[in-house]
Amino acid sequence: MSGGTSGTSTPERADPAKVRAAVESQPGSASYYGKLRAEVVVAGAPGSVQADLYEGDARDGGYELLSGHWITGKGQVVVPTRFLERTGTEVGDTVRVSYGKEHAGLKIVGESFDTSGDRLRIHADMADFPSAEPSTFLVEVRSGVSADDFARRLASVVRPLGGDATTVPPAEREGVILVMSAMAVLLTLMLVAVAGLGVLNSVVLDTRERVHDLGVCKAIGMTPRQTVSLVLASVAVIGGLGGLTGVPAGYVLHRLVMPVMTRAVGTAVPPSVLDVYGPARLLLLGLGGVVLAVLGALVPAGRAAGTRTATALRTE
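Residues numbered from 1 in each chain as written. Predicted model: local features only at pLDDT ≥ 70, side-chain atom pairs only at ≥ 80, totals over all residues. Heavy atoms only, no water.

### Quick word on the environment of tyrosine 54
Inference 1: Relative to the helices and strands, tyrosine 54 resides in strand S2 (residues 48-55).
Inference 2: Tyrosine 54 gets classed as buried once you look at its relative accessible area, which sits at 1%.
Inference 3: For the pair tyrosine 54 and glutamate 133, spaced 79 residues apart in sequence, the C-alpha separation works out to 9.3 Å.
Inference 4: Not counting residues up to four positions away in its chain, the partners in contact with tyrosine 54 are Tyr33, Gly34, Lys35, Trp70, Ile71, His123, Ala124, Asp125 and Met126. (Helix = DSSP H or I, 4+ residues; strand = E, 2+ residues; numbered from the N terminus. Buried < 20%, exposed > 50% of the residue type's maximum accessible area, 1.4 Å probe, protein only. Contact = heavy atoms within 4.5 Å.)

In structure tokens:
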């Protein structure tokens with residue numbers, strides 16, 4: 001037996017030019033950019049730093065920015081808040097970044113909203129490091145084209161070439177914001193349920209205490225509809241007062257608590273997270289107190305209207 005080679009072989013590295021051509025040939029492609037995640041060394045930063053290097057216009061996949069702007073070409077870098085804090089730099093400073101044997105002085109042009117973890121991550125243009133090649137391509141599809149169908153079709157073309165390409169996912173900044181929004185919605189629903197049950201309990205007790213008075217009113221000619229209106233009007237005033245006090249208090253707490261939450265994960269808070277309550281929305285939230293009170297009182301108000309006059313008058 002001869003000592004031949006083993007049956008396994010290392011797959012050849014994908015040719016970025018072939019992958020680019022395959023991406024461009026797909027109908028429905030609007031634009032695309034290449035991306036490489038690599039380890040780099042940054043002067044002044046402890047240990048290695050994770051770098052996302054981009055080829056082309058990557059604004060579609062960019063992060064929410066706290067200040068400055070996204071990278072627009074060579075010699076620029078976007079960094080998170082924790083990078084600025086740990087290195088003692090600020091937007092406008094220049095840092096030296098080393099990728100393998102290549103070095104580049106990059107100007108910090110933006111501060112990103114990044115809650116991905118404690119590890120430092122920077123974003124730079126791939127053109128600053130000639131030996132870098134994109135490991136994946138992200139494609140923005142045209143309007144009306146299904147992103148999922150396009151991604152499957154693209155994968156079937158690119159994978160035989162050894163490359164990786166897919167459609168642009170929702171911007172990474174949106175992940176945390178969506179989680180925070182989902183938590184806010186969940187807490188809001190829980191509070192609405194608790195408030196509704198509280199209103200229901202209060203109105204039930206109140207109508208039981210006032211059943212004799214309601215009986216007197218019905219005896220002198222009050223109709224069931226008027227009885228319901230009387231009960232609902234009494235709680236609507238309380239709901240309105242609750243909205244007038246609760247909405248401003250919630251608005252102030254929102255602007256106090258959100259920065260504390262984001263600082264806990266090593267970043268500042270972007271304007272898009274704070275500036276979410278306009279005058280119209282605040283007015284609707286205030287009216288929500290009235291609506292919540294009325295909804296919580298509908299059942300006991302209906303029972304009070306349905307109570308017979310003689311039964312109500314005998315109740316003390």
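### Topic: helix H6 (residues 224-264)
Owing to its 3.6 residues per turn, the α-helix aligns residues three or four sequence positions apart on the same side.
Inference 1: The end-to-end C-alpha distance of H6 is 56 Å, a good match for the 60 Å that 41 residues give at a rise of 1.5 Å each.
Inference 2: Among the residues making up H6, those that are buried are Thr227, Val231, Leu232, Val235, Gly239, Gly240, Gly243, Val247, His254, Met258 and Thr262.
Inference 3: At the exit of H6 stands glycine 266, carrying a positive phi of roughly 80 degrees. (Expected span 1.5 Å × (residues − 1).)

### Some points on the pairing of strand S8 (residues 136-141)
Inference 1: Counting buried residues along S8, five of its six residues qualify, which places the element largely inside the surrounding structure.
Inference 2: In this sheet, S8 lies alongside strand S1 (residues 29-42) in antiparallel orientation, the contact comprising six bridges. Residue pairing for S8: serine 29 is matched across the bridge by valine 141.
Inference 3: In this fold, S8 hands off to helix H3 (residues 147-158), which returns the chain to strand S9 (residues 165-167); that crossover is right-handed. (Pairing = 2+ DSSP bridges. Right-handed = clockwise from strand over helix to strand, strands pointing away.)

### Description of the nonpolar core
Soluble globular proteins: nonpolar side chains tend toward being buried together.
Inference 1: Of all hydrophobic cores here, the largest spans 24 residues; its most connected members are Val42, Phe83 and Ile122.
Inference 2: Within the residue set of this core, elements represented by two or more residues are S1, S2, strand S4 (76-80), helix H2 (81-87), strand S5 (94-99), strand S6 (102-112) and strand S7 (121-125).
Inference 3: It is S1 that contributes the most residues to this core, four residues altogether.
Inference 4: In this structure, valine 42 is in contact with Val49, Phe83, Val95, Arg96, Val97 and Ile122, ignoring residues within four places of it in sequence. (Core = buried A, V, L, I, M, F, W, Y, C linked by side-chain atoms within 4.5 Å.)

### A word on the packing of aromatic side chains
Inference 1: Taken as a whole and assessed by the stated rule, the structure comprises four aromatic pairs.
Inference 2: Members of the aromatic cluster, connected to one another through ring pairs, are Tyr33, Tyr54 and Trp70. (Phe/Tyr/Trp six-rings, centres within 6.5 Å; stacked < 30°, edge-to-face > 60°.)

### A few points about the pairing of S4
Inference 1: Among the five residues that make up S4, five are buried, leaving the element largely enclosed by the rest of the structure.
Inference 2: Of the two faces of S4, both are covered, the one formed by Gln76, Val78 and Pro80 as well as the one formed by Val77 and Val79.
Inference 3: Two elements, S4 and S7, share two bridges in a ladder whose sense is antiparallel. By the bridge assignment, valine 78 is partnered in S7 with histidine 123.

### A short note on the confidence of the model for the protein
Close reading of the predicted structure is inappropriate where its pLDDT is low.
Inference 1: Within the protein, residue pLDDT values average 78, and 84% of them lie at 70 or more.
Inference 2: For the stretch residues 1-11, pLDDT sits under 50, and the model shows zero contacts to residues farther than four places along the chain or on other chains. (pLDDT = per-residue confidence, 0-100.)

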